[in-house]
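Chain residues, written in single-letter form:
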Amino acid sequence: MKIRINDHQLIQWIQGLITKFQVFYPLQDANSGVVHIQKATGSLNSDAILKPVSGVPKTSIKTFFMPQPEVIARFSIAAQDAEAFVLKEPGTALQTQVLLNIRPCDARSVALNSMPYAEDPYFQKMLKRTVIIGRPCDETCSTCFCELVGGSPHGTEGMDLVILKTEDGLALEVLTQKGADFLKQNPCAESAGLQPTPQQQGGQELPIVAREMQKKDLLALYNASFWPQIAEACINCGACTFLCPTCYCFDIQDEVAGTKGVRLRYWDSCMFPLFTLHASGHNPRGQKVQRVRNRFMHKFKYFPDRFGPVSCVGCGRCVKDCPVNIDIREVISLMQAV
Amino acid sequence: MTVKHAELTQEIQRQAKELLASGEVAAFLGFSAGSLPMTTRPFVARTPQEAERLVWNSFCTVNLANYLPALLKSLEPPRSPKDPPPTGPLPKVGVLATGCWSRNIVVQIQENQVDRSRLVILGVPSRGMVDRKKVLAALQGKEVLEAQEDDHSLRLKGKWGETELSRWAVVRDNCQSCRHPNPVLFDRLLDAASERQAQAPFSQIEAIEAMSSDERWQWFQQAFASCIRCYACRNACPLCYCSTCFVDDNRPQWVGKALNAPDVLTFHILRAFHCAGRCTDCGACESVCPMGIKVRLLTQKLSKDILTLFGAEAGMDVSVPPPFTTYAPSDQNPFECDTCSSKGKKE
Ligand code: SF4
Ligand code: SF4
Ligand code: SF4
Ligand code: SF4
Ligand code: SF4
């Protein structure tokens, strides 16, 4: 269900939300022209909220679900401590956070990441505390390819609420029960009693690219002759995987200061030398070509084989910011042609 | 007046084809066109046909020297770690080199990372490369769908229409402050030497030096606050060839691996010091940073110090050893620490 709202009502509502929650929204930096997701403060930029810059912000929203780093346990190493080396809950207070003006691709990435993380308590906790207010794309960028990988500039998957543009102003639509509850506690205009719009039942149809990849022979893709050419220019940095909303790999380290220790979970990338490094010193992905191949094989073969969709929402961040212009769209075509 | 980039592209293709066809080189390292406006790809041509894909323009910002050690090694006959190194002449690589890249090759030769006799260096006097981020800033973030470069201007087209920018205004900081645009080491020079020479090469550094120490600390924290630890800066750098970087080590772990500020800053300051006396200010680190961080200001500060203290510039001459690799008992050591007032020996 949706209601009409006007600009003034929307801004007022958000002003109210800021006083109660942490609210984040994409904001353009005046000097660099780059859009970053920023925490909303008292001085809200209404223009940025009403007319967001087209395309996605520089970094994705995954940091709100997989903080970099996240404290997952605390412990003491004090010799006299009876509970030394016993892992304890971190005891971090998790309040509601609101993500505003989130593009369909980024919102969809949360739905995709929820598949491998269905039983991950940390991710699920973050999911529970987050309300995503989406914003469809009136304009796409040349690097956007959401439709190829099963999304749409007007998709709502992963959103709780969505701000829509109508012929004569704006509308606010409720998509999930979480969204409805949130709106009940934090009403906007005449939103009292709004129920979620019934969503398509029984899973959406997979995009062609996912079905194609599922049918392909894994080893034929793995042994394809093009991997060395693709990998040749790659510098094995983490720009693509760290900016990518659907890259979710992590590593764990303990850090100790004095007698207090924390167990940290932080981002890892299949481009990095420690990724899958065995204690023996052997690494099954020890060479650049193996790392590069893993990134694409994971997104377009291993993930669809396991979960159905491809693990890419087509936001184009990796295309824009790869320092050596490795264009994932070209790699997809090469894989499709195998 | 320099030869236009289009003409250079033709010349590069012609010479690369000739080198590959005659068998003088087994591979030619250059750039091919990128899929987006204002991008290029480092590219290795292995046949004369492939050499037709080589391009030269204002967006060749990645340092090709970075690829040389691995490329040379890939052309050696396969052997296991215990086999003796191959003897006899090994296949050669042709490579393009501007002033700074040629200096990086000199450093690589000095540090035994590449073998000079296996390189055919095609020197290209540099006109300065364009910084995509400066273009984006000048256009207030609007998406460029087409970029055309003329000798002194860039014409950018997108949904908003068309904008013309002065080329020099959007040339990278390191190119604007460059004093050695001409290759120092080459087998063939593809163009007349450039006469440009920056008058105040360290002006960005002097501005930071002029700050109080509190202000500098603020600046340092601010400047690297958005770093995502992707290591593109490190990996694009031809000096960073350690098989295990100190940040990747985990036994022992020298530095935390996530985005806690002390760890991020430690990574940057240490990496910069590891490049002291070796950095040629090629600007690759800064060009590849997805977050637009001015990474090279740290290494540039060290270059300034090395020049002031030792009168040395990295990679200018193969026969002059880098300042930090030599030692003589008679070395001056007038070290005095302001904090603990310990004095070094003065000789
Ligand atoms: S990829 Fe699609 S959903 Fe994402 S910003 Fe572009 S048009 Fe919008
Ligand atoms: S792989 Fe690239 S295009 Fe796909 S979701 Fe990740 S960053 Fe976006
Ligand atoms: S394996 Fe690589 S591509 Fe897949 S999620 Fe992890 S970092 Fe991303
Ligand atoms: S961003 Fe580009 S260069 Fe860096 S790891 Fe990814 S594909 Fe390789
Ligand atoms: S390239 Fe930029 S974001 Fe990546 S590690 Fe270096 S400074 Fe940080």
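Residues numbered from 1 in each chain as written. Chains lettered and ligands numbered in written order. Predicted model: local features only at pLDDT ≥ 70, side-chain atom pairs only at ≥ 80, totals over all residues. Heavy atoms only, no water.

**Focus on the site of ligand 2**
- Taken together, 13 residues form the shell around ligand 2, and within it Cys 244, Cys 312, Cys 315, Gly 316 and Cys 318 of chain A come nearest.
- The residue inventory of the shell around ligand 2, partitioned by class, reads eight nonpolar, three polar and two charged. (Near = heavy atom within 4 Å. Nonpolar A, V, L, I, M, F, W, Y, C, P; charged D, E, K, R; others polar.)

**What about the pairing of strand E5 (residues 119–123) of chain B?**
Residues and elements named next belong to chain B.
- When you tally the buried positions in E5, you get five out of five residues, the bulk of the element.
- By the alternation rule, side chains of E5 split into Leu 119, Ile 121 and Gly 123 and Val 120 and Leu 122, which are all buried.
- Each parallel crossover has a hand, and the one from strand E4 (residues 93–97) via helix H3 (residues 99–110) to E5 is right-handed.
- As defined by bridge partners, E5 adjoins strand E9 (residues 188–189) across two bridges and the pair is classed as parallel. Across the sheet, the residue bridging to Leu 122 is Arg 188, located in E9. (Buried < 20%, exposed > 50% of the residue type's maximum accessible area, 1.4 Å probe, protein only. Helix = DSSP H or I, 4+ residues; strand = E, 2+ residues; numbered from the N terminus. Right-handed = clockwise from strand over helix to strand, strands pointing away. Pairing = 2+ DSSP bridges.)

**Focus: the sheet that holds strand E7 (residues 153–158) of chain B**
Residues and elements named next belong to chain B.
- Ordered by their spatial adjacency, three strands build an open sheet running E6-E7-E8, and the pairing between neighbours is antiparallel. Edge strands, defined here as strands with exactly one partner in the open sheet, are strand E6 (146–149) and strand E8 (161–166). Averaged over all adjacent pairs, the angle separating strand axes in this sheet is 20 degrees, with direction ignored.
- Note: E6 against E7, four bridges, orientation antiparallel. Paired with Glu 149 across the bridge in E7 is Leu 154. (Axes fitted to C-alpha atoms, helices over the stretch in contact; angles between N-to-C directions.)

**As for the site of ligand 4**
- Around ligand 4, the structure places Cys 234, Ile 235, Asn 236, Cys 237, Ala 239, Cys 240, Met 271, Arg 295, Cys 322, Pro 323, Val 324 and Ile 326 of chain A.
- Its residues placed into classes, the shell around ligand 4 shows 10 nonpolar, one polar and one charged.

**A short note on unusual backbone geometry**
- Following Gln 68 of chain A, the chain continues into Pro 69 of chain A via a peptide bond in cis, with omega recorded as 0 degrees.
- Relative to the helices and strands, Pro 69 of chain A is located in the loop between helix H2 (46–50) and strand E4 (70–76).
- Pro 252 of chain B follows Arg 251 of chain B through a cis peptide bond whose omega is 0 degrees.
- Here Pro 252 of chain B is to be found in the loop between helix H8 (232–235) and helix H9 (261–274).
- A positive phi angle is found at Asn 101 of chain A, which is not glycine, with a value near 55 degrees.
- One can find Asn 101 of chain A in strand E5 (residues 97–102).
- Here Asn 236 of chain A, not a glycine, exhibits a phi torsion of approximately 55 degrees, which is positive.
- Residue classification places Asn 236 of chain A among the buried residues on the basis of a relative accessible area of 8%.

**Examining the interface of chain A and chain B**
- Taken residue by residue, the interface counts 41 residues in chain A and 40 residues in chain B.
- Roughly 3,100 Å² is buried in total at the junction of chain A and chain B, and carbon and sulfur atoms are behind 55% of that figure.
- The largest contributions to the chain A side of the interface with chain B come from Glu 232, Ile 235 and Asn 325 of chain A, which together make up 18% of the buried area.
- Where chain A touches chain B, the interface holds two salt bridges.
- The closest approach of N and O atoms between Glu 232 of chain A and Arg 46 of chain B, which form a salt bridge, is 2.8 Å.
- Linking chain A with chain B are 15 residue pairs in polar contact (both at pLDDT 80 or more).
- Counting residues per element, the ones that place at least two in the side of chain A that touches chain B are helix H9 (239–243), strand E9 (250–257), strand E10 (260–267), helix H11 (317–321) and helix H12 (328–336) of chain A.
- Taken together, the residues of the side of chain A that touches chain B sort by class into 17 nonpolar, 14 polar and 10 charged. (Contact = heavy atoms within 4.5 Å. Buried area = accessible area lost by both parts, 1.4 Å probe. Salt bridge = Lys/Arg side-chain N within 4 Å of Asp/Glu carboxyl O. Polar contact = N/O pair within 3.5 Å; in protein donor to acceptor, adjacent residues only side chain to side chain.)

**A few points about a nonpolar patch on the surface**
- A contiguous nonpolar surface patch, about 240 Å² in accessible area, is contributed by Ile 269, Leu 270 and Phe 273 of chain B.
- Positionally, Leu 270 of chain B belongs in helix H9. (Patch = residues over 30% accessible without salt bridge, like charges linked within 9 Å, V, L, I, M, F, W, Y side chains within 5 Å. Areas by Shrake-Rupley, 256 points an atom, 1.4 Å probe, with all protein chains shown as cover.)

**Looking at the pattern of salt bridges**
- All chains considered together, the criterion is met by 35 salt bridges over all chains.
- Notably, a salt bridge pairs Glu 70 of chain A with Arg 265 of chain A, separated by 3.8 Å at the nearest N-O pair. Of the two residues, Glu 70 of chain A sits in strand E4 while Arg 265 of chain A sits in strand E10, which places them 195 residues apart along the sequence.
- Between Lys 134 of chain B and Asp 173 of chain B there is a salt bridge, with its nearest N and O atoms 2.7 Å apart. Of this pair, Lys 134 of chain B sits in helix H4 (residues 132–138) while Asp 173 of chain B is found in helix H5 (residues 173–176), placing the two residues 39 residues apart along the sequence.

**Considerations on the side chain of Ser 177 of chain B**
Residues and elements named next belong to chain B.
- Inspection of the secondary structure assignment puts Ser 177 in the loop between H5 and E9.
- The exposure class of Ser 177 is buried, given its relative accessible area of 11%.
- Side-chain polar atoms of Ser 177 contact the side chain of Arg 296, separated by 3.3 Å.

**A word on the sheet that holds E9 of chain A**
Residue and element names in this part refer to chain A.
- Spatial strand order, E4-E10-E9: three strands in an open sheet with antiparallel pairing. The sheet terminates laterally at E4 and E9, the two strands that pair on one side only. Within this sheet the neighbouring strands show an average axis-to-axis angle of 20 degrees, counted without direction.
- As paired strands, E9 and E10 are joined by eight bridges and run antiparallel to one another.

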